[in-house]
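If you want the building blocks of each chain, they are given just below.
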Amino acid sequence: MSAVLKEVRHIPEEPSTPPVIVVGTGPVGIHFVEQLLRRQPDTAVVIFGDEPWEPYNRVRLTGLLTGECKLSALQNPIKLGATHNVIQQFNCKIVSIDCTRRLVTDHLGHSREYSKLVLATGSTPHVPNIDGVDHAGIYTFRSLGDAEKLVARRARSRRAIVLGGGLLGLEAARGLQKYNTDVTIVEHAARLMSQQLDDPAAALLREHLMSSGLRVVLGDSVKRVIGDGRIKGVELRSGRRIACDTMVISTGTRPNLRLALDAGISVGRGIRVNDRMQTSDENVFAVGECAEHRDRIYGLVAPGLEQAGVAAHCILGGDSHYTGSMAAMRLKA
């Protein structure tokens, strides 16, 4: 089921001057490159992604899990002209940044100079410190790799726990349930989607989900995993035990800060940026889930796309400013 890299028909020449380097091939990183090329098509760009497949749309992973769409529907390649000056490096992780020399170095030890650097490194799932969380049968749901593992698991799973009653947790629960799996959602807060819904709305959502056959436990959390190397159940803080053969952890995300932190770039909860999406180093920009703008991290695609547009305009000499976004989301459950 893994995506296969397509044949590259146009091979750009190595740029004679340092290119704009983008770290991250998620929707925000791809959008940044497209916005840059729309304004200046001959811009030299090198984009690095640490996943072993072509860029894909993370938002549609739920459809892959439910079987409502195929892998091809997730693909999100950069829209390029017949001729361009873009080099794409997949399965190539950037491990360090030298801001003084304007260099990035990949996991193979190869270094490349940049004129401007854009960090679109996204975020990774937060995994709580739970006794036994390393047992087999426990998954996260954030990347295409995660989705592939869950797709392979769903037909064999009979009882599943989804830890987390937020957007992705609810979508994962519905995805697993479609294959006749008995699914229980465990949420530590007193209501589902506690960051987005008030009590009456959350109660309506809970009623709807339970009417569809999902079980919902609120105000409780997993204390430990029961099993012998493979999960067989969980014990909750309340003392209740629930048998299961699968657990999906969906308890939020954490911005990927390590590259910036090691390079001496200012970070807080995310990589701190100004209204031009510049970090504490004027030649380094950050956009998307890794960026902290005016003390806020959005963690959603739409604000990241807006940030990417601002960064592209500013890098090419424009005077755009990002002042924040209205956060909106759609629950596909």
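For the structure given in this document, a descriptive report is provided here. All figures in this text were calculated on a predicted structure; none of them were measured in a lab.

1. Concerning the nonpolar core
Turning to step 1, where the next piece is worked out: Residues Phe32, Ile97, Leu117, Leu119, Ile271 and Met277 are the most contacted members of the largest nonpolar core, which totals 50 residues.
Turning to step 2, where the next piece is worked out: In contact with Leu117, other than residues within four places in its own chain, are Ile21, Val23, Ile97, Val104, Asn283, Val284 and Phe285.
Turning to step 3, where the next piece is worked out: Membership of the second largest hydrophobic core comes to 29 residues, among which are Leu65, Cys69, Ala147 and Ile185.

2. Some details on the sheet that holds strand β19 (residues 284-286)
Turning to step 1, where the next piece is worked out: Here we have 5 strands laid out as an open sheet, ordered β3-β2-β1-β7-β19, and parallel in their pairing. Two strands lie at the open edges of the sheet, namely β3 (86-89) and β19, each paired on one side alone. In this sheet, neighbouring strand axes are inclined to one another by 15 degrees on average, regardless of whether the strands run parallel or antiparallel.
Turning to step 2, where the next piece is worked out: Bridge count between strand β1 (residues 20-23) and strand β7 (residues 116-119): 4 bridges; the pairing is parallel. Each bridged residue has a counterpart across the sheet, and for Val22 the counterpart in β7 is Val118.
Turning to step 3, where the next piece is worked out: Running at roughly 175 degrees to strand β2 (residues 45-48), helix α1 (residues 27-39) makes contact with β1, β2, β3 and β7 of the sheet.

3. Looking at the packing of aromatic side chains
Turning to step 1, where the next piece is worked out: For the coordinates displayed, the defined rule picks out 1 aromatic pair.
Turning to step 2, where the next piece is worked out: Arranged with centres 6.3 Å apart and planes meeting at 80 degrees, the rings of Tyr298 and Tyr322 form a pair that is edge-to-face. Remark: Tyr322 occurs in the segment after α7 (301-315) and Tyr298 occurs in the loop between β20 (291-293) and α7; sequence separation between them is 24 residues. For the pair Tyr298 and Tyr322, one class covers both residues: buried.

4. As for unusual backbone geometry
Turning to step 1, where the next piece is worked out: The backbone of Met277 shows a phi angle near 70 degrees, a positive value even though the residue is not glycine.
Turning to step 2, where the next piece is worked out: In this structure Met277 comes out as buried when scored by relative accessible area, which is 0%.
Turning to step 3, where the next piece is worked out: Although it is not a glycine, Arg294 adopts a positive phi angle of roughly 50 degrees.
Turning to step 4, where the next piece is worked out: Along the chain, Arg294 turns up in the loop between β20 and α7.

5. Digging into the packing of α1 against α7
Turning to step 1, where the next piece is worked out: Running from N to C, α1 and α7 point in directions that differ by 35 degrees, and their axes come no closer than 8 Å. Seen along the crossing, α1 lies across α7 with a hand that is right-handed. The segment α1 lies against α7, with Pro27, Val28, His31, Phe32, Gln35, Leu36 and Arg39 engaging Val301, Gly304, Leu305, Ala308, Gly309, Ala311, Ala312, His313 and Ile315.
Turning to step 2, where the next piece is worked out: Here the residues of the contact of α1 with α7 sort into 10 nonpolar, 5 polar and 1 charged.

6. Regarding the pattern of salt bridges
Turning to step 1, where the next piece is worked out: Per the stated rule, a full pass over the model turns up 14 salt bridges.
Turning to step 2, where the next piece is worked out: A salt bridge links Arg224 to Glu235; the shortest N-O distance between them is 2.7 Å. Placement of the pair is Arg224 in strand β13 (residues 222-227) and Glu235 in strand β14 (residues 231-236), with a sequence separation of 11 residues.
Turning to step 3, where the next piece is worked out: Residue classification places Arg224 among the partly exposed residues on the basis of a relative accessible area of 26%.
Turning to step 4, where the next piece is worked out: Residue class for Glu235 comes out buried when judged on its relative accessible area of 14%.

7. Focus on the pairing of strand β10 (residues 159-163)
Turning to step 1, where the next piece is worked out: Judged by how many residues are buried, β10 sits mostly within the fold: 4 of 5 residues are covered.
Turning to step 2, where the next piece is worked out: Pairing analysis gives 5 bridges linking β10 to strand β11 (residues 182-187), with the strands arranged parallel. Among the inter-strand pairings, Leu163 is bridged to a residue of β11, identified as Val186.
Turning to step 3, where the next piece is worked out: In this view, the connection linking β10 to its parallel neighbour β11 by way of helix α4 (residues 167-177) has right-handed handedness.
Turning to step 4, where the next piece is worked out: In terms of strand pairing, β10 meets strand β16 (residues 246-249) through 4 bridges, oriented parallel.

8. A few points about helix α5 (residues 199-211)
Turning to step 1, where the next piece is worked out: Between its terminal C-alpha atoms α5 stretches 18 Å, which fits the 18 Å expected from 13 residues at 1.5 Å a residue.
Turning to step 2, where the next piece is worked out: Taken residue by residue, α5 has Ala202, Leu205 and Leu209 as its buried positions. Taken around the axis of α5, the buried residues stretch over an arc of 60 degrees, which confines them to a single face. Among the exposed residues of α5, those oriented more than 90 degrees off its buried face are Asp199, Pro200, Leu204, Glu207 and Ser211.
Turning to step 3, where the next piece is worked out: Looking at the buried side of α5, the elements it contacts are α4 and β11.
Turning to step 4, where the next piece is worked out: Its side-chain oxygen at 3.0 Å from the backbone nitrogen of Ala201, Asp198 defines the N-terminal cap of α5.
Turning to step 5, where the next piece is worked out: Within two residues after α5, Gly213 carries a phi angle of roughly 110 degrees, on the positive side.

Thresholds, definitions, all that
- Residues numbered from 1 in each chain as written.
- Predicted model: local features only at pLDDT ≥ 70, side-chain atom pairs only at ≥ 80, totals over all residues.
- Heavy atoms only, no water.
- Core = buried A, V, L, I, M, F, W, Y, C linked by side-chain atoms within 4.5 Å.
- Buried < 20%, exposed > 50% of the residue type's maximum accessible area, 1.4 Å probe, protein only.
- Contact = heavy atoms within 4.5 Å.
- Pairing = 2+ DSSP bridges.
- Helix = DSSP H or I, 4+ residues; strand = E, 2+ residues; numbered from the N terminus.
- Axes fitted to C-alpha atoms, helices over the stretch in contact; angles between N-to-C directions.
- Phe/Tyr/Trp six-rings, centres within 6.5 Å; stacked < 30°, edge-to-face > 60°.
- Left-handed = near helix turned anticlockwise from the far one by under 90°.
- Nonpolar A, V, L, I, M, F, W, Y, C, P; charged D, E, K, R; others polar.
- Salt bridge = Lys/Arg side-chain N within 4 Å of Asp/Glu carboxyl O.
- Right-handed = clockwise from strand over helix to strand, strands pointing away.
- Expected span 1.5 Å × (residues − 1).
- Arc of directions from axis to C-beta.
- Polar contact = N/O pair within 3.5 Å; in protein donor to acceptor, adjacent residues only side chain to side chain.

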